[in-house]
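For reference, the chains in residue letters:
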Amino acid sequence: MEHQVEIMLQEPDLVFREENLRRALIETAESGDLEGFLVVVGRIVSAVAMVPPAVAMRLISVAQTEVMRMENDTQLSIGQEVLTILQQRAANFEIQANTIRERLALIHEERQNWAQAAAYYSTINSDLGNRGDPTEDDIDRLLRIAFLFLNSDDVAGAEEFLMRAKSYIKVEVNRDYRICQARVQEAKKAFSNAAQQFYSLTTDLQGATKLYSADPSQWLSRAVICAILAPAGEQRSKMMSKLYQDERCRGLEFFNVLERVHSQKLLKKEHIEVLSERVKLLDIRSEETQQVLDLATTEHNLLAVSILYTSIKLESLAELLSIFPQKVEAAVADMICEHRLSGKINQVEGLLELSKGREVEALPRGDLRFEKICQAADSCCELLVSKYPQFMPS
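Reading guide: rules and limits
- Residues numbered from 1 in each chain as written.
- Predicted model: local features only at pLDDT ≥ 70, side-chain atom pairs only at ≥ 80, totals over all residues.
- Heavy atoms only, no water.
- Axes fitted to C-alpha atoms, helices over the stretch in contact; angles between N-to-C directions.
- Helix = DSSP H or I, 4+ residues; strand = E, 2+ residues; numbered from the N terminus.
- Parallel < 35°, antiparallel > 145°, perpendicular 65-115°, else oblique.
- Left-handed = near helix turned anticlockwise from the far one by under 90°.
- Contact = heavy atoms within 4.5 Å.
- Nonpolar A, V, L, I, M, F, W, Y, C, P; charged D, E, K, R; others polar.
- Pairing = 2+ DSSP bridges.
- Salt bridge = Lys/Arg side-chain N within 4 Å of Asp/Glu carboxyl O.
- Buried < 20%, exposed > 50% of the residue type's maximum accessible area, 1.4 Å probe, protein only.
- Polar contact = N/O pair within 3.5 Å; in protein donor to acceptor, adjacent residues only side chain to side chain.
- Phe/Tyr/Trp six-rings, centres within 6.5 Å; stacked < 30°, edge-to-face > 60°.
- Lys NZ or Arg CZ within 6 Å of the ring centre and 35° of its normal.

Trainee: Hey, could you run me through the packing of helix α2 (residues 14-31) against helix α4 (residues 53-69) in this one?
Mentor: When two helices pack together, their arrangement is given by the angle between the helix axes and the distance between those axes. α4 packs onto α2 with a crossing angle of 15° between their chain directions and a minimal axis gap of 10 Å. The orientation of α2 with respect to α4, classified from their angle, is roughly parallel. Crossing of α2 over α4 shows right-handed handedness. Only Val55, Arg58, Leu59, Val62, Ala63 and Glu66 of α4 make contact with α2, whose side of the interface consists of Leu14, Glu18, Leu21, Arg22, Leu25, Ile26, Ala29 and Glu30. Across the contact of α2 with α4, the residue classes break down as nine nonpolar, no polar and five charged.

Trainee: It is not clear to me how the pairing of strand β2 (residues 343-346) should be interpreted in this structure. Could you clarify?
Mentor: As a general feature of sheets, a regular strand has side chains that alternate between the two faces. Inspection of the sheet shows β2 paired to strand β3 (residues 351-354) by four bridges, in the antiparallel sense. Across the sheet, the residue bridging to Gly343 is Leu354, located in β3. Taking the residues that link successive antiparallel strands as the turn, the β2-β3 hairpin has four residues, and the phi of Gly350 there is positive, at about 60°.

Trainee: Can you walk me through the sheet that holds β2 in this structure?
Mentor: Strand pairing in a sheet relies on backbone hydrogen bonds. The paired strands run either parallel or antiparallel. As summarised here, the arrangement of the three strands in space is β1-β3-β2, forming an open sheet in which the pairing is antiparallel. Two strands lie at the open edges of the sheet, namely β1 (311-313) and β2, each paired on one side alone. The mean angle between the axes of side-by-side strands here comes to 15°, regardless of whether they run parallel or antiparallel. In the packing of helix α18 (residues 325-337) onto the sheet, contacts are made with β2 and β3, and the angle to β2 comes to roughly 140°.

Trainee: When you look at the pattern of salt bridges in this model, what are you seeing that I'm missing?
Mentor: Opposite charge on two side chains makes pairing possible when the charged atoms of those side chains draw close. A full pass over the atoms with the stated rule returns 25 salt bridges. The closest approach of N and O atoms between Arg22 and Glu19, which form a salt bridge, is 2.8 Å. Of the two residues, Arg22 and Glu19 both sit in helix α2, three residues apart, roughly one turn of that helix. Judged by relative accessible area, which is 32%, Arg22 ranks as partly exposed. Residue classification places Glu19 among the partly exposed residues on the basis of a relative accessible area of 27%.

Trainee: Sorry if this is basic, but what is going on with the side chain of Thr28 here?
Mentor: By the element assignment, Thr28 lies in helix α2. Under the relative-accessibility criterion, Thr28 is labelled buried at 5%. Looking at Thr28, its side chain comes within polar contact range of the main-chain oxygen of Leu25, at 3.1 Å. With residues near it in sequence (within four places) discarded, Thr28 still touches Met1, Asp33, Leu34, Gly36 and Phe37.

Trainee: Please explain the packing of aromatic side chains as it appears in this structure.
Mentor: Per the stated rule, a full pass over the model turns up six aromatic pairs. Judged by centre distance (5.6 Å) and plane angle (5°), the ring pair of Phe198 and Trp219 falls under stacked. Remark: Trp219 occurs in helix α12 (residues 217-229) and Phe198 occurs in helix α11 (residues 191-203); sequence separation between them is 21 residues. Through a chain of ring-to-ring contacts, the aromatic side chains of Trp114, Phe147, Phe198, Tyr212 and Trp219 assemble into a single cluster. Lying over the aromatic face of Tyr244, Arg250 brings its terminal NZ or CZ to 5.1 Å of the ring centre.

Pasting the structure below:
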């Protein structure tokens, strides 16, 4: 094929020369002679003296069209080969190269090869900012790249493209930006921020989305899970109260878990199992999900215990929460240091001494005792019903 192409390039009439090369591109592509096709493309790009820029652009447009007619697997391999060849004169063939990149990115996206799709899309935007004001398509592409990086667990990549998009949009009305930003907070395990941002997506419905489902209920569910995973304390309690009072949450499959967390009741094995399935759907690395869930449930249960006890042996506490004593002591120490739990550890006696927290402190002493009695009575009722279900009120 190389010899034939050289003969075509020696044709003195430029019109015939272009027509012969165009026909060679189409015939090699249609016959499956992919090696010959790449030879023709290579010579069109490299033979600058014999193929003027205007002619070369038209011929490469033909090559681009032929690439996009191939089977998807062939497009991925041959498309990349063509892009490598075009790189020799990138400025001359930017439009054709970007069209091929976009097509390859779309194929990877359909196959859920998120990182590869993001790589192709990001190359298209590599010189954004040097070409004047970006178009709406440019901005949509930046947000799509952030979306793809999030799907591939590349939080840093997602943040980079969100920052670039932020320069050109009104953040408060761009729904795709707001969703991606909430997912970034979730992936960074900033669960308090993520919960607030997801919840705002269910109350402020400004803007359309091109990347996500328009149904806001998925973000309500996400807000609840992130709120449960947030560090136990006053800020989390306020968010849980807001969610609990939202009538829409009562339709969630795991509303009973939300109710227990809001009421500061112990989360039992069956509740943690329900949460475990939900946490797996979040933007958290799979190897970190169990650790995140364990920490959140341990901290919540420690707060629940602090309402019922003024002091408790660390060994007894560990047995109550079904975790190792060392983990209990570490979790308690962290919460006390961060002022999320009021108390102190007596290491000599292996005792956790609990004092009134901020929220409890505001209650009169009589009300505090009454609340503890109610909590204890409630726990007794649950225990009785679990052992004697026939006594459950109908």
